[in-house]
Amino acid sequence: MPEPTESRYDVVIYGATLAGIMAALRLKLRGYTSLVLEPTGHVGGIVAGGLVKSDTPGVAAALAGLTQDRFFAGIGAEYAAEGLDDPKAQYLFEPKVAERVAWRLLEEAGATVVLNARLHDFDDVGVRGGRIVAVRTDDGWRRASFFVDASYEGDLMAAAGVPYAVGREPASQYGETYAGFQPGRAHRIRSFRPNTGFPVGPVPDTAPGEGDAKVQAYNFRGVLTRAADRLPFPKPDGYDPALYTHLRSLLEHRGIPGLSSIVTHTAALPHGKFQTNQALFIGFDLPGVNWDYPDGGWKRRDEIIAEQVRWHQGMLYFLANDPSLPESFRADARTFGLPPDEFTDSPYGAGFPHALYVREARRMIGEHVFTEHDTHRPGNTKPTAVCCWQYGLDCHIVQYYPEGDDTIVGEGSTTGSFVNAPADLYQLPAESLFPARGSVENLAVPVCFSASHVGILSPRMEPAYGMLGEAAGELAAQSLRTGRAVQDYDYASLAAALTEHGTVLELPELEAAA
């Protein structure tokens with residue numbers, strides 16, 4: 001391994017996600033320097049890339065710490081400064097505001113930020129004696145004493161040789177109710193003739209409860225506007241209206257009169273903008289095409305992203321222009337467009353999100369694997385809690401396949417409906433944030449943290465990732481101060497450091513549930 005091309009930092013953070021930003025901010029408060037390597041051209045992760053309807057916990061007090069006080073409240077302060085004093089604005093906001101706050105917090109953290117800095121393979125991470133010593137991007141090697149993998153993909157973790165999982169474990173592995181292939185809990189929508197053809201795949205030959213390497217669908221979280229200066233929906237290269245045959249059938253079957261019936265009920269944002277999400281059974285999600293993404297490498301990932309772009313842009317163009325739809329539907333769709341003041345330098349065109357929403361990729365197999373059992377009583381409390389959270393077990397469709405001659409099955413959800421299976425208020429333990437003892441000693445992983453597929457379905461929300469990023473920063477700071485492996489951390493000191501800046505480790509509802 002050649003010598004690093006730049007000066008040494010205390011910590012290298014891979015990923016300028018909300019988790020990465022919070023780790024950098026915590027490190028600054030402890031007197032340590034950080035280098036943030038971001039694999040894309042933007043900071044803020046998916047929160048600045050289009051996910052602007054934040055999923056907050058069922059117990060509001062669980063969202064705390066710098067994640068709430070500096071990031072989300074910081075967004076609210078931006079709107080209050082312009083006269084929009086609405087408490088909801090901190091959780092329903094414009095992407096450009098989130099990115100502005102993200103940059104401000106990184107500057108406050110004193111972090112050196114390098115954009116478009118991707119790790120590619122095992123040769124890009126130097127490991128000696130159980131410790132990462134340096135990482136390499138296109139600009140050369142960067143050395144540090146501690147590393148935080150705050151990326152959505154977990155490339156640093158994987159390249160360091162830390163064990164991880166992709167896809168769905170069998171139900172037998174951890175004794176989880178919702179694990180593996182779940183045809184009994186699948187969505188079933190009838191009245192499709194034909195019920196085969198893109199994006200419907202083949203009928204799985206998997207037994208119920210059996211594991212597989214399939215991951216839940218990704219999408220772009222778009223932003224639409226009805227303002228006079230809106231940009232018309234572009235016709236993407238390779239546009240094929242036949243890809244939306246099933247969508248047209250679904251619109252007819254449900255009697256949906258226009259695009260406004262879909263997007264205006266999803267999320268109304270400040271300044272007359274609207275957040276798009278999956279919305280329909282067949283919609284902006286694209287199950288199946290993303291299965292290669294977690295382990296695919298950047299060349300394959302870019303191919304998958306391009307296909308997701310074509311699907312999303314093509315759908316919007318289809319809804320506004322396809323002659324098979326009623327003119328009243330098309331006219332309604334043309335009252336919407338892309339916002340010219342959002343995603344102005346997106347590689348996929350002005351107004352279109354620059355970040356694919358990677359809902360789930362790799363998951364570390366660390367000191368403690370967080371499972372379905374940790375989200376329910378009595379396993380919901382932990383002696384080494386780093387934050388609290390509550391949200392349903394939220395899994396988007398993993399795959400479409402035909403059933404009979406007029407039914408399409410959407411498999412992967414936890415209930416067979418658009419309602420998530422419930423979870424109790426719970427605590428997340430420190431041991432899910434680092435590798436198992438005997439593995440890498442100077443790494444924390446707050447996004448691809450140690451969890452099963454079912455276990456990550458509830459805490460895979462950006463506010464929870466932010467709080468886990470804070471814990472990762474404090475673990476890094478303690479390891480730097482003591483010189484000990486992260487696995488040998490002192491919990492009393494960690495808890496004191498976390499609560500000093502507002503993290504909530506215990507709530508009355510937890511005591512009542514005990």
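Above this note sits the structure.
These figures come from a predicted structure and were not determined experimentally.

Calculation notes
Residues numbered from 1 in each chain as written. Predicted model: local features only at pLDDT ≥ 70, side-chain atom pairs only at ≥ 80, totals over all residues. Heavy atoms only, no water. Helix = DSSP H or I, 4+ residues; strand = E, 2+ residues; numbered from the N terminus. Expected span 1.5 Å × (residues − 1). Buried < 20%, exposed > 50% of the residue type's maximum accessible area, 1.4 Å probe, protein only. Pairing = 2+ DSSP bridges. Axes fitted to C-alpha atoms, helices over the stretch in contact; angles between N-to-C directions. Core = buried A, V, L, I, M, F, W, Y, C linked by side-chain atoms within 4.5 Å. Contact = heavy atoms within 4.5 Å. Phe/Tyr/Trp six-rings, centres within 6.5 Å; stacked < 30°, edge-to-face > 60°. Bend = angle between axes of the 7 residues up to and from the residue.

Caption draft 1: Helix 12 (residues 462-482), seen in detail. Taking 1.5 Å per residue as the helical rise, helix 12 with its 21 residues ought to reach 30 Å, and the 30 Å between its terminal C-alpha atoms agrees with that figure. Along helix 12, 18 of the 21 residues are buried, which leaves the element largely enclosed by surrounding structure. One or two positions beyond helix 12, positive phi appears at Gly483, with a value near 80°.

Caption draft 2: Inspection of the sheet that holds strand 15 (residues 407-411) at higher detail. If you trace the 3 strands from one edge of the open sheet to the other, you get 8-15-14, paired in antiparallel fashion. Only two strands of the sheet have a single neighbouring strand rather than two, namely strand 8 (187-189) and strand 14 (399-403). Direction aside, neighbouring strands of the sheet carry axes that sit 25° apart on average. Summarising the sheet, strand 8 and strand 15 pair through 3 bridges and their orientation is antiparallel. Bridge pairing in strand 15 places His187 opposite Gly410.

Caption draft 3: View of the nonpolar core. The biggest cluster of nonpolar side chains holds 155 residues, and the ones touching the most others in it are Phe71, Leu319 and Val386. Element by element, the count of residues in this core is highest for helix 9 (residues 297-321), at 11 residues. With near-sequence residues (within four places) excluded, Leu319 lies in contact with Leu247, Leu251, Leu259, Leu325, Phe329, Arg330 and Ala333. With 6 residues, the next largest nonpolar core counts Ala62, Cys388, Leu425 and Leu510 among its residues.

Caption draft 4: Region of interest: the packing of aromatic side chains. Taken as a whole and judged by the stated rule, the model has 15 aromatic pairs. With centroids separated by 5.0 Å and ring planes inclined at 55°, the aromatic side chains of Phe220 and Phe352 adopt a geometry described as tilted. Note that Phe220 is positioned in the loop between strand 8 and strand 9 (223-225) and Phe352 in the loop between helix 10 (327-333) and strand 12 (363-364), a separation of 132 residues in sequence. Residue class for Phe352 comes out buried when judged on its relative accessible area of 1%. Centroid distance Phe370 to Tyr426: 5.4 Å. Interplanar angle 45°. Geometry classified as tilted. Here Phe370, found in the loop between strand 12 and strand 13 (385-389), pairs with Tyr426, found in strand 16 (residues 426-429); they are 56 residues apart in sequence, far enough to count as distant. Both residues of the pair, Phe370 and Tyr426, count as buried.

Caption draft 5: Structural context of helix 3 (residues 65-81). For helix 3, which comprises 17 residues, the first-to-last C-alpha distance of 22 Å matches the rise-based estimate of 24 Å (1.5 Å per residue) to within 8%. Along its length, helix 3 shows its largest kink, about 40°, at Gly74. Along helix 3, the residues that are buried comprise Gly65, Leu66, Thr67, Gln68, Phe71, Phe72, Gly74, Ile75, Gly76, Glu78 and Tyr79. Buried residues belonging to helix 3 abut helix 1 (18-29), helix 2 (45-48), helix 4 (95-108) and helix 12.

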